Amino acid sequence: MSDSNKNLNSSKPIFSLNMVDNSEAGPSNEQDRLLPIANVGRIMKQILPPNAKISKEAKETMQECVSEFIGFVTSEASEKCRKERRKTVNGDDICWAMGTLGFDDYAAPLTRYLNRYREVEGDKVNQNKASNSEEMEEINCFSYTSNKPKGIRLIKT
């Protein structure tokens, strides 16, 4: 059996974020690095027909795979940030890592999604600012009348 086949058939991860052997890690340490299995099962169930069942083994296998994948991509993004002397990994770093690791088919749509998400979030922030501004104008107008109730505090924006 070749070395590459040994890696594929091994139950140990091919890589590790902290580059130490995790095979001796305790159960709590193992659970800390995995996504919650209920969330994994819920995501899997969304794509299946309503009457389909998912075995515990299938959920656990998927849990391991997606956790390793997330760690793999995040590790690459984190290394980029370290080289750039930044402490925060952002969405652009994740998209860059996906492309660098050869997941180009996913990096481009993910970048488009991230940009669209930022647009929507920006719209929400702008709407909230406009809404707060209108509320402040109402409060300011109201505060100049003689019928101002006690207990209203004006907040400067």
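As the structure is a computational prediction, the values presented were derived from the model and not from experiment.

Undergrad: Looking at this structure, I do not really get the packing of aromatic side chains. What am I missing?
TA: Taken as a whole and assessed by the stated rule, the structure comprises 1 aromatic pair. Here Phe69 and Phe103 contribute two aromatic rings whose centre-to-centre distance is 5.1 Å and whose plane-to-plane angle is 85 degrees, an arrangement assigned as edge-to-face. In this pair, Phe69 sits in helix α4 (residues 56–83) while Phe103 sits in the loop between α5 (91–100) and α6 (104–143), placing the two residues 34 residues apart along the sequence. The ring of Trp96 has Lys80 lying over it, and the distance from NZ or CZ to the ring centre is 5.4 Å.

Undergrad: I tried to follow the environment of Ala97 on my own but got confused; where do I start?
TA: Of note, Ala97 is situated in helix α5. Here Ala97 falls in the buried class, since its relative accessible area comes to 0%. When residues no more than four places from it in sequence are discounted, the contact partners of Ala97 are Val73, Glu76 and Ala77.

Undergrad: Would you explain α4 in this entry?
TA: Along an α-helix, residues three or four positions apart point the same way, because every turn accommodates 3.6 residues. Its 28 residues place the ends of α4 40 Å apart at the C-alpha level, agreeing with the 40 Å of an ideal helix rising 1.5 Å per residue. For α4, the full list of buried residues reads Gln63, Ser67, Glu68, Gly71, Val73, Ala77, Lys80 and Cys81. Note on α4: the residue one or two positions beyond its end, Arg85, has a positive phi of about 60 degrees.

Undergrad: I would appreciate a short explanation of the confidence of the model for the protein chain in the present structure.
TA: Regions with low pLDDT should not have their predicted coordinates read in detail. Considering every residue of the protein chain, the mean pLDDT works out to 77; 65% of them sit at 70 or more. Low confidence marks residues 1–23, where pLDDT is under 50. Its contacts with residues over four positions away, or in another chain, come to 12 contacts. Contacts of residues 142–151 to residues separated by more than four positions or lying in other chains number 6 contacts, the stretch itself having pLDDT below 50.

Undergrad: What is the right way to read the pattern of salt bridges from this model?
TA: Where charged atoms of side chains with opposite charge meet at close range, the side chains can pair. Using the criterion set out here, one finds 11 salt bridges in the structure. For Glu64, the salt bridge identified is with Arg33, shortest N-O distance 3.0 Å. Taken together, the residues span a long stretch of sequence, with Glu64 in helix α4 and Arg33 in helix α2 (residues 27–33) at a distance of 31 residues. On the basis of relative accessibility, which here comes to 26%, the residue Glu64 falls in the partly exposed class. When the shortest N-O distance is used, the salt bridge between Lys80 and Asp93 registers 3.3 Å. Highlighted residues: Lys80 in helix α4 and Asp93 in helix α5, separated in sequence by 13 residues. Where salt bridges share partners, they join Lys80, Glu84, Arg86 and Asp93 into one cluster.

About the thresholds
Residues numbered from 1 in each chain as written. Predicted model: local features only at pLDDT ≥ 70, side-chain atom pairs only at ≥ 80, totals over all residues. Heavy atoms only, no water. Phe/Tyr/Trp six-rings, centres within 6.5 Å; stacked < 30°, edge-to-face > 60°. Helix = DSSP H or I, 4+ residues; strand = E, 2+ residues; numbered from the N terminus. Lys NZ or Arg CZ within 6 Å of the ring centre and 35° of its normal. Buried < 20%, exposed > 50% of the residue type's maximum accessible area, 1.4 Å probe, protein only. Contact = heavy atoms within 4.5 Å. Expected span 1.5 Å × (residues − 1). pLDDT = per-residue confidence, 0-100. Salt bridge = Lys/Arg side-chain N within 4 Å of Asp/Glu carboxyl O.

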